[in-house]
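Residue-level structural notes
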Amino acid sequence: MSTNTIRAAVIGLGVGGAHLRGYQVAPGVEIVGICDSNPARLAEIGEKHNLPESVYFTDYETLFKEAKPTLVSIALPNALHAPVSIAAMAAGADVLCEKPLAMTSAEVHEMVKTAEHYGRRLMVSYNHRYRADVFWIRRLMAEGRLGRIYQIEASWRRETGIPGWGWFGSQAMSGGGAMIDLGVHVLDMALWLLDYPKVVSVNGATRSLFGKRGQKVWGEARWLKDASSVFDVDDGGIGFLRLGTGVTMVLQATWAEHKMPNEDLIRLEIQGSEGTAILSVPNYTKQDTVTFYTEIGGAPVTVTPHIRWDGHWFHERLIAEIVTAIQTDTPPPTTGEQGLVGVQVIEAIYHAAQSGREVVFPG
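Computed from a predicted structure; not experimentally measured.

**Observations regarding the sheet that holds strand S3 (residues 56-57)**
Paired through their backbone hydrogen bonds, the strands of a sheet run either parallel or antiparallel. The six strands are arranged S3-S2-S1-S4-S5-S6 in an open sheet whose pairing can be described as parallel. Taken across any chain shown, the strands that pair with only one partner, and hence form the sheet edges, are S3 and strand S6 (122-125). Examined bridge by bridge, strand S1 (residues 6-11) and strand S2 (residues 29-35) share six bridges and lie parallel to one another. Of the residues in S2, the one forming a bridge with Ile6 is Val29.

Written out as structure tokens, the structure reads:
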């Protein structure tokens, strides 16, 4: 391997497996460590990706000391994002952290300060913006086909989707429920399409109607049988944002609601003075996901493009761009500052839901 090779490590091997795939197809990357506290999962994922046992670790501090990575992916429970990211940057690595960047904006500020102190890159894994259909809509907007954008609706809604395992239902471990889990993804997709304008104010409401009763849960609701488990987070919420560009946004995220059985729907609707673009992704499909409405010659026109999905997308595309940015010393595609905005908005929705008052951001 070249001395300029990026030495990558992945901590947390649930969604971290997607990061591994990205590093394995990116040129100029050597995987020097994978880490998980569960030895069985560590061995399973290592074997699946044909990695030698010499790169297996059950403790991230040992990984930092022995493997000396220069780029670390962190795919741990939300409560560990800040401390492990800070430790990785202090150990000399750039960081790609799963969303949300942290549970609170105070934690994100500390992460950003640490990145600045050590001269490291802090990036957030907003992989859902890396869809070919989302890129097509962004190109449409760049060409002015939508005209002046005035309204966006962004939602991720599941009929049955409350995680019955792990830490998702615990406020102390996750920082929230559906809104911080799903809402932060579609929020990023919408803000990225608008080039991340300033957020002026946020209002919102949340509810927890299904999870506490064990309804609409993936698997078994552990908290109904295990006294050490809790479900004290939202299973749905909605936010209203005013942006500095004059655009308004409705943001909705649900883990559970009464609708079409088993539906899992990501949806964006971008309304402009010259046209409206709608992204509708039921159950993670790639086909027939975009519709564009406009007028030609005074008559309404509906366009349904055939989107090409050539090449890599999702985590693989994100990681490829991150690797290129590091190799060429150019700005990364996602930043700690973008991660901060996401956490600030979700935090504001939760605060508005509790207080009943709109949250106005500093000027």
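Now, onward.
**As for the sheet that holds strand S12 (residues 248-254)**
Taken together, the nine strands give an open sheet; going across it, the order is S16-S15-S14-S13-S7-S12-S11-S9-S17, and neighbouring strands pair in mixed fashion. Single-partner strands in this sheet number two, and they are strand S16 (299-303) and strand S17 (359-360). Alignment of strand S14 (residues 275-282) against strand S15 (residues 290-296), held across five bridges, turns out to be antiparallel. Within S15, the residue paired with Ile278 across the bridge is Thr291. This element, helix H8 (residues 178-193), spans strand S7 (149-158), strand S11 (236-243), S12, strand S13 (264-272) and S14 of the sheet and lies at about 150 degrees to S12. Of the strands in this sheet, strand S9 (199-207), S11, S12 and S17 are in contact with helix H10 (residues 336-355), which crosses S9 at around 55 degrees.

**Concerning helix H2 (residues 39-48)**
Among all positions in H2, only Leu42, Ile45 and Gly46 are buried. Here the buried residues of H2 occupy an arc of 100 degrees about the axis, which is enough to place them on one side. Along H2, the residues that are exposed and aim more than 90 degrees away from the buried face are Ala40, Glu44, Glu47 and Lys48. Considering only its buried residues, H2 is in contact with helix H1 (16-25), S2 and S3. The N-terminus of H2 is capped by Asn38, whose side-chain oxygen sits 3.0 Å from the backbone nitrogen of Ala40. Just downstream of H2 lies Asn50, where phi reads positive at about 55 degrees.

**Considering the state of the cysteines**
Following the criterion strictly, the structure yields zero disulfides and no others. The thiol of Cys35 is unpaired, and the distance to the nearest cysteine sulfur, on Cys97, comes to 14 Å. Residue Cys35 is classed as buried on the basis of its relative accessible area of 4%. A relative accessible area of 0% places Cys97 in the buried class.

**A few points about the side chain of Ser155**
Note on placement: Ser155 falls in strand S7. Ignoring anything within four residues of it in the chain, the contact list for Ser155 reads Val186, Gln252, Leu265, Ile266 and Arg267.

**Quick notes on the packing of helix H6 (residues 132-142) against H8**
Two numbers describe how H6 lies on H8: the axes approach to 10 Å, and their chain directions differ by 30 degrees. Classed by the angle they form, the pair H6 and H8 counts as roughly parallel. Here H6 contributes Val134, Phe135, Ile137, Arg138 and Met141 to the contact with H8, which in turn contributes Met189, Trp192 and Leu193. A per-class count over the contact of H6 with H8 returns seven nonpolar, no polar and one charged.

**Some details on the pattern of salt bridges**
In the structure shown here, the tally under the stated rule is 21 salt bridges. Notably, a salt bridge pairs Lys113 with Glu110, separated by 3.8 Å at the nearest N-O pair. A residue pair is termed a helical-turn pair when its members lie 3 or 4 positions apart in one helix, as Lys113 and Glu110 do in helix H5 (residues 105-118) at three residues. Glu110 sits in the partly exposed class, given a relative accessible area of 39%.

**Let's talk about the pairing of S15**
Looking at chain direction, S15 and S16 are connected through five bridges and run antiparallel. Along S16, the bridge assignment pairs Phe292 with Val303. Connecting S15 to the antiparallel partner S16 that follows it, the hairpin turn spans two residues, and Gly297 within it adopts a positive phi of roughly 60 degrees.

Conventions used here
- Residues numbered from 1 in each chain as written.
- Predicted model: local features only at pLDDT ≥ 70, side-chain atom pairs only at ≥ 80, totals over all residues.
- Heavy atoms only, no water.
- Pairing = 2+ DSSP bridges.
- Helix = DSSP H or I, 4+ residues; strand = E, 2+ residues; numbered from the N terminus.
- Contact = heavy atoms within 4.5 Å.
- Axes fitted to C-alpha atoms, helices over the stretch in contact; angles between N-to-C directions.
- Buried < 20%, exposed > 50% of the residue type's maximum accessible area, 1.4 Å probe, protein only.
- Arc of directions from axis to C-beta.
- Polar contact = N/O pair within 3.5 Å; in protein donor to acceptor, adjacent residues only side chain to side chain.
- Disulfide = S-S within 2.5 Å.
- Parallel < 35°, antiparallel > 145°, perpendicular 65-115°, else oblique.
- Nonpolar A, V, L, I, M, F, W, Y, C, P; charged D, E, K, R; others polar.
- Salt bridge = Lys/Arg side-chain N within 4 Å of Asp/Glu carboxyl O.

So yeah, pure geometry; function would need other evidence.
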